[in-house]
Amino acid sequence: VQLQASGGGSVQPGGSPRLSCVASGIIFSFYDVAWYRQAPGKQRELVANFTRSGSTNYADSVKGRFTISRDNAGKTGYLEMTSLKSEDTAVYHCNVVNVVLSLEYWGQGTLVTVSS
């Protein structure tokens, strides 16, 4: 199983990058997809998730600015980020989980640095 995250980099405040997470080795539609982030010196936190049933959930800090989506046929999860702030600087990790089967996998993370 592999989760390949991409799309990070250095972004100016107010920027709008899109992160992608391509899965292989799993039936992607069977899993909930989530994005977590870990800022320097802080604990990892949930940014957003998209359940296999179609529900989405966002951290209060990103509501209205970030959008999570998924393409089951393409086995890809996305995180569209807008109006970036310096406090969004973090390593963003994609995660898939199937609670029923107790299976969970993590991607390697992609760094997003918000700086002028």
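What comes next concerns the included structure. (Residues numbered from 1 in each chain as written. Predicted model: local features only at pLDDT ≥ 70, side-chain atom pairs only at ≥ 80, totals over all residues. Heavy atoms only, no water.)

Turning our attention to the state of the cysteines. According to the stated counting rule, one finds one disulfide in the structure shown. The disulfide bridge from Cys 21 ends at Cys 94, spanning 2.2 Å between sulfur atoms. Across the S-S bond of Cys 21 and Cys 94 the torsion is about 60°, and the bridge reads as right-handed. On the criterion of sequence distance, the pair formed by Cys 21 in strand β3 (residues 18-24) and Cys 94 in strand β9 (residues 90-98) is long-range, its members being 73 residues apart. The burial state of Cys 21 is the same as that of Cys 94; both residues are buried. (Disulfide = S-S within 2.5 Å. Helix = DSSP H or I, 4+ residues; strand = E, 2+ residues; numbered from the N terminus. Buried < 20%, exposed > 50% of the residue type's maximum accessible area, 1.4 Å probe, protein only.)

So, on to the pairing of strand β5 (residues 45-50). Strand direction decides the pairing type here: strand β4 (residues 32-38) and β5, joined by five bridges, are antiparallel. Bridged to Tyr 36 within β5 is Leu 46. Where β4 folds back onto β5 in an antiparallel hairpin, the turn is made up of six residues, including Gly 41, whose phi is positive at roughly 75°. Pairing of β5 with strand β6 (residues 56-58) involves three bridges; the strand directions are antiparallel. Counterpart to Phe 50 in the pairing with β6 is Thr 56. Linking β5 back to β6 in an antiparallel pair, the connection comprises five residues, with Gly 54 at a positive phi of about 105°. (Pairing = 2+ DSSP bridges.)

Moving on: the packing of aromatic side chains. What the rule picks out here adds up to two aromatic pairs. For the pair Tyr 31 and Tyr 105, a centre-to-centre distance of 6.2 Å together with 50° between the ring planes defines the contact as tilted. Taken together, the residues Tyr 31 in the loop between β3 and β4 and Tyr 105 in strand β10 (residues 103-106) connect sequence positions 74 residues apart. Here Tyr 105 falls in the partly exposed class, since its relative accessible area comes to 25%. Relative to Trp 106, the ring of Tyr 36 has its centre 4.9 Å away and its plane inclined at 55°; by these criteria the two rings are tilted. One end of the pair, Tyr 36, is in strand β4; the other, Trp 106, is in strand β10, with 70 residues separating them in the sequence. The exposure class assigned to Trp 106 is partly exposed, which follows from its relative accessible area of 35%. Here the guanidinium or amino end of Arg 44 rests over the ring plane of Trp 106, the centre of that ring lying 4.4 Å away. (Phe/Tyr/Trp six-rings, centres within 6.5 Å; stacked < 30°, edge-to-face > 60°. Lys NZ or Arg CZ within 6 Å of the ring centre and 35° of its normal.)

So far we have only geometry, and geometry alone does not tell us how the molecule works.
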